[in-house]
Structure formats: C-alpha cells, structure tokens
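Structural overview
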Amino acid sequence: MKILLVAVNAKYIHSNLAVYSLKANCGKWESQVELMEYSINQYPEDILQSLYKKQADIVCFSCYIWNIQMIEQVAEWLKMVAPGIQIWLGGPEVSFDVKERLEKWSFVDGIMYGEGESTFGDLMACWNNTTDAEAIDGIGHRHSDGTVDIHPPRDFVDMSLLNFVYTRPEDFENKIIYYETSRGCPFQCSYCLSSVEKQVRFRDTELVKEELQQFIDWGIPQVKFVDRTFNCRREHSMEILHYIKEHDRGKTNFHFEITADLLTEEELVFMAGLRPGLIQLEIGVQSTNPETLKAIRRHVSFEKLSEIVRRIHQSKNIHQHLDLIAGLPFEGLERFKQSFNDVYDLKPEQFQLGFLKVLKGSYMREMAEEYGLIYRPEPPYEVLATNWLSYEDILALKAVEDMVEVYYNSRQFENSLEWLEKYFSSAFDMYEALADYYEKEGLKEISHSRMSRYKIFLDFAGQYLNQENQSVFRQLLTYDLYLRENVKSRPEWAASQDMYKSAYVEFFRKDESRGKYFEGYEAYTTKQIQRMTHVEHFNVDIPAIIRGEAGSRKSVYLWFDYLHRDPLTWRSQTIEVTIDEIDEERES
Ligand code: SF4
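Residues numbered from 1 in each chain as written. Predicted model: local features only at pLDDT ≥ 70, side-chain atom pairs only at ≥ 80, totals over all residues. Heavy atoms only, no water.

**Focus on the sheet that holds strand E12 (residues 253-258)**
Condition: A strand pair is defined by DSSP finding two or more bridges across the two strands. Each helix corresponds to a stretch of at least 4 residues labelled H or I by DSSP, and each strand to a stretch of at least 2 residues labelled E; elements are numbered beginning at the N terminus. Only C-alpha atoms enter the line fits that serve as axes; for helices the fit covers just the stretch in contact. Angles between N-to-C directions range over 0 to 180 degrees. Residue contacts follow a heavy-atom distance rule, with two residues in contact if any of their heavy atoms lie within 4.5 Å.
Strand order in this open sheet of six strands is E8-E11-E12-E13-E14-E15, and the pairing throughout is parallel. Two strands bound the open sheet, and with one partner strand each, they are strand E8 (177-179) and strand E15 (350-355). Neighbour-to-neighbour, the strand axes of the sheet open up by a mean angle of 25°, direction not taken into account. Strand contacts of helix H10 (residues 302-314): strand E13 (279-286) and strand E14 (319-326), with the helix running at about 160° to E13, the strand carrying the most contacts.

Quick look at the structure:
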C-alpha cells in the first residue's frame, strides 16, 4: 500500500504542517505514507507527472484557498490517466461543503473534514482492511454506486497526544518551520474561519519546551507559530516566552500572531528585555473605524492597541507586522484612508494591506447580501465591491498596496519615504500619487530591478521638490541605498565621489582609523576593509535630517559598516567619520 500526502504551498520556502502532522500521527502505518511538497508556481503538468510516476494507491491533497484550483486540475487529470488511484482531499477549503463538492467533483473519492490526524489514522487502518470506512467519523465519501455519504463530525483531538512532527531538520533547510501549540481562537471575527471553532485547546507546555529546545539546538533560523492568537492564555504564552528567552542561542527567531491589546504591563516589560530579533509579532488591526470593528465583531480599542505597539516599538528589539483589511463593512475609501494613516503612523516593520476574503463557512459570507459584498466566486473569494467601496475604489487600493509592498515593506527607502511624506497631506496620499505615477508613466506592468525603483522614486519626487530639496532627496536615497547593501555598481543618479577617492584611500590606510572605527575588522587588510565597507560624502547634514532636524553642516562623511548590522532591520551600522586632505575647491 502506498499513500501520498500532497501539499501545494504558496511559496517554495513554505512547508505544510498539516501533511507532516498526518504522517507523524498515523501510527504503525507511517512507513506506507510519503509526503510530496510542491509550490503553486510550478506547472500543473509537472506535478501531475511527478505524482503519476509514484504509482501510488491513494493520493490525498491538502486544500487551501491558494491551491484549490491547481489541486482540482491536477487531481482530475490524475484520475483520468490513472483511474485506479483513489483521490482524497482534506483541509479548510474542503471542510465546509463536503457533500456539494463530492457531488460536483466526480474524480474525488472522499474528503476528510475538520482536524485530520485521527481521521487519517482511521483511514489508513481502513485502507489496510483492518476497519470499515462506515465506522469513521469526519469524512464524506463516495460509494461504488456513485452515491455520497457524509459521516458525523469527529471530536477535537487532544493536542498533547499528537507526535512531534519534525524529526529531520535537514528536510527544512532554507524553509520556514511552522509549529503549533494551540488550536482554535476565543474570538469571533466575522471573516475568519478560526472563529467557527469555539473551543481553544493547548499542547502541554512541557512537551512544547522539549520541542522548542530541538529547534534551538538545530539552529533553525525561523519558527512560525500558527497558533491563531498566541497570547490568548497568558500562562501558556508567558511560559513559552520565558523558555525561549532562557534557552536562546542567538540563532532562532520565533514569530507569533497576537492580540496586542491583551498584553499586560508585565508582559511588555518582559518583552522589552528580549534579544533583538528573538521574537517577531504579527498583529491584526484590520480597521480603526469603531463601526467597522463592531460589525466584524472585533472588540479592540485602537487607542489601546496603538499605545502597546508604540511601547514595543520603543524598545527596538521586536519586529512588528501590522495588518489592515480593505473591503470590510462600513468602511468606504475615505474612512479606509484614515485606517491606513492611523496604522502607518505606528511605523510597523511590515505593513500588510490585505483584501477581504469572503470565506465559505464564515459569518461574513452569511452577511454578504446585507453588506452588498461582490466577491470572486472562486477561491480566494476576494472582495470586488461592497456597499461602501466600488470596484474602482478597490482597484485604487490595490495599486496603493503594490506601492506599499515595493517601497515600504522592502525597507529599502525608509528615510527617503519618511522625508518625502511631508510634501503630501498624508502617507496614503503619497502612495496614491506614487501609484498614479506608475500608471501614467506605463511602469505598472513591468518588473523593475531594485536599482530602477530608486530612479523611478527619484523622478517621482522631483515633481514635488525644488532644486535644493531634490538634492537633499537624492542624498537621502543614496543613504538608503548604502544602508542596505554595499552596491558594486554605483547608480548614475548618485553624486560622484571621484574627487574624494584619494582621501578615502588614506582614511582606510591610517592607523588611527583602525583604532577608532574598525572594530571587528582586525583580521582584514586595509584593502579588504575598503572593499567590504563604504564611505560616502554628503553635502547636507544627513544625520540631522534623519532625526527630523534641519541640520546646519555642509559636509558629512558616513562610513557604512556591513559587518555590524542591526539584527532587527538588517541596516548597516553607520558611523560619522573624519576624512582629511579634501580639496575644498574641487569639492564645490
Ligand atoms: S481573526 Fe484572529 S482573533 Fe479573529 S477569530 Fe480569527 S484567529 Fe481569532
């Protein structure tokens, strides 16, 4: 008997925790199960070929909104070329319309709905002829006469009885590890499927600690907790955070989705003391409009949330990722702009502007008619218009989202963006103008290199700045550019540094520089240090401008030290240095 558990991930670096958990928890049949992971960026024909060649008896697909269309295609083709193979589906995308789907998709033999571990274990027993399919809860299946039968739902699994999924760290090199210590969510957000599952269950924290120790020992770069609201039970989350802090070896980063306004003073003080980069937090804001928050059943005070986000921000040790959702009830374009500006003002490290997905089984879908929700009928069921937003508004927001991704979330334009913002009435207006510029200049559909994004941004800003400020902006862009990377080919728009070359050579050569600046470079020669780092002359007071001050100096030299980067932002360290032997006349 050969059974394949198939995952089709959204990106190559992702992995699918569900299929690993099914395999790890199917008991004595585990050796019959093989995991196959693909990504949606592959051709369906290639996935079909790969699965066909496996000559399996049963192929089970893990289904989500992002992969269901590809799975439909591949599974149907597989059944056509190998009718003897049984096709089974599982996952959230097929758990809420089991009967309809089985009736519609004749190439599917059965569906596991709800949590899969125990169900899959029972199915393995059934496929090995030691139990009867009719006795298995949590499935829908097709009989040989074509009729469809839906069995009762299964009780929740005890999370502490599940086996640890990760035994071979070498399988996860260059991949993000997903891990869970709880299932379900106590909250009721109307657009979310986790709110459907009322009961929240936790894995025993002693087991969790043992497993975390494995990740720490293996030096896994990032572990993402998939717990829906990690901090919904304080004792549980704090015990885990304390463990992580005490056993940290400086390599692993842990990512958590939290509800910020649940954090207490004690937790905030504790978090402020964590190693920079040890944890990162994802916080759903979704909207700052009280009427919208009430309608979507999120009883969150934006005031309290922002106070907490600002507190965390002050300690400069935790990356925060804030989310907003466009297309929610009672939020038109103008009100959404305010939500955008409110969240942008909190300066998160990542700002994700998402669009409402009207998911099957969610309360939002029940309310779709009342809210005038028009959404794509096929996955991912993304909103196209609402009573408050036209499709044109949605398109405008999509264009803004693209600009936020490219310019804000890339973190490559941090200081230039912040400085330019004051020429617009709000951050949203700046991104909207930038999106319009892309549209007008025919830049939208083209894939641009990182370097050309800088040039586009410079040209865009030029429309709003006088000559003097264009020069300031150009230098801020240069600063942003070198802050991330010691670029090998200097862009033509950056001011020439040729006239300082000999002074720079002298700076790297001097014993004084070694003693004063080059800490950590003891093993490198002067030439190597010069190659590994960068010096830039600015004819404006860049450090003051970045601090938001006017600044009065006309000449500043900054040394970009890439060996010492900020662990949180990955920005290089910059040090103001003294450079001698500059011919002032040549400089002007
Ligand atoms: S959106 Fe988050 S907090 Fe709300 S129900 Fe879903 S998982 Fe829970």
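**Points about the site of the ligand**
Here is the rule: Here a residue is near a molecule or strand as soon as one of its heavy atoms is found within 4 Å of it. By the convention adopted, Pro, Cys, Tyr, Trp, Phe, Met, Ile, Leu, Val and Ala count as nonpolar, Lys, Arg, Asp and Glu as charged, and the other residues, Gly among them, as polar.
Taken together, the residues surrounding the ligand are Cys185, Phe187, Cys189, Tyr191, Cys192, Ser194, Ser195, Arg228, Thr229 and Arg298. Its residues assigned to classes, the shell around the ligand comprises five nonpolar, three polar and two charged.

**Comments concerning the sheet that holds strand E5 (residues 110-112)**
In space, the seven strands of this open sheet follow the order E2-E1-E3-E4-E5-E6-E7, with mixed pairing throughout. Among the strands making up the open sheet, the edge pair consists of strand E2 (33-39) and strand E7 (148-150). Between one strand axis and the next, the sheet turns through 20° on average, direction left out of account. Alignment of strand E1 (residues 3-9) against E2, held across seven bridges, turns out to be parallel. Pairing of Asn9 across the sheet is with Ser39, part of E2.

**With respect to helix H6 (residues 205-218)**
Operational definition: Here the expected span of a helix is defined as 1.5 Å times the quantity of residues minus one. With a 1.4 Å probe rolled over the protein chains alone, any residue whose accessible area is under 20% of its type maximum counts as buried; one over 50% counts as exposed, and the rest are partly exposed. Distance and chemistry together define a polar contact, namely a pair of N or O atoms within 3.5 Å, with one atom able to donate a hydrogen and the other to accept it when in protein, and with adjacent residues in sequence counting only for side-chain atoms on both sides.
Between the first and last C-alpha of H6 there are 20 Å, a value that for 14 residues agrees with the 20 Å anticipated at 1.5 Å per step. Every buried residue of H6 is listed here: Thr205, Val208, Lys209, Glu211, Leu212, Gln213, Phe215 and Ile216. The inward-facing, buried residues of H6 abut E8, strand E11 (222-225), helix H7 (234-247) and E12. The N-cap residue of H6 is Asp204: its side-chain oxygen and the backbone nitrogen of Glu206 are 2.8 Å apart. In the stretch just after H6, Gly219 is the one whose phi turns positive, near 70°.

**A closer look at the pattern of salt bridges**
Note the following rule: Salt bridge, as used here: a side-chain nitrogen of Lys or Arg that lies within 4 Å of a carboxyl oxygen of Asp or Glu.
Tallied over the full model, the rule gives 42 salt bridges. Between Lys337 and Glu334 there is a salt bridge, with its nearest N and O atoms 3.2 Å apart. Note that Lys337 and Glu334 are positioned in helix H11 (residues 333-344) at a spacing of three residues, about one turn of the helix. In this structure Lys337 comes out as buried when scored by relative accessible area, which is 15%. The exposed category is assigned to Glu334, whose relative accessible area is 56%. One network of salt bridges, with partners in common, ties together Glu115, Glu117, Glu180, Arg183 and Arg201.

**Thoughts on the environment of Gln286**
Examined against the element boundaries, Gln286 turns out to sit in strand E13. A C-alpha to C-alpha distance of 38 Å links Gln286 and Leu563, two positions 277 residues apart in sequence. For Gln286, the residues in contact, after removing those within four places along its chain, are Tyr191, Ile296, Arg298, Asp323, Leu324, Ile325, Leu328 and Glu331. In terms of polar contacts, Gln286 uses its side chain to reach the side chain of Tyr191, at 3.3 Å.

**Examining the side chain of Ser190**
Structurally, the position occupied by Ser190 is in the loop between strand E9 (182-183) and strand E10 (201-202). Those residues in contact with Ser190, other than ones at most four positions away along the chain, are Ala295, Ile296, Arg297, Ser362, Tyr363 and Met364.

**Let's talk about the packing of aromatic side chains**
Each aromatic ring pair is summarised here by two numbers: the centre-to-centre distance and the angle between the ring planes. So the rule is basically this: Pairing of aromatic side chains here covers Phe, Tyr and the six-membered ring of Trp, requires ring centres within 6.5 Å, and sorts the geometry by plane angle: under 30 degrees stacked, over 60 edge-to-face, intermediate tilted. Throughout this description, the term charge over a ring refers to an Arg CZ or Lys NZ atom that lies within 6 Å of the ring centre and within 35 degrees of the ring normal.
Following the criterion strictly, the structure yields 55 aromatic pairs and no others. Considering the side-chain rings of Phe508 and Phe518, the 5.8 Å spacing of their centres and the 20° angle between planes classify their relative orientation as stacked. Of this pair, Phe508 sits in helix H18 (residues 501-509) while Phe518 sits in the loop between helix H19 (511-516) and helix H20 (526-532), and the two are 10 residues apart along the sequence. Exposure remark for Phe508: the relative accessible area of 3% places this residue in the buried category. Taking the relative accessible area as the measure of exposure, Phe518 reaches 2% and is therefore buried. Sitting over the face of the ring of Trp105, Arg101 holds its NZ or CZ atom 4.7 Å from the ring centroid. Positioned above the aromatic ring of Tyr12, the side-chain terminus of Lys175 is 4.7 Å from the ring centre.

Function cannot be read off these values alone, since they describe shape.
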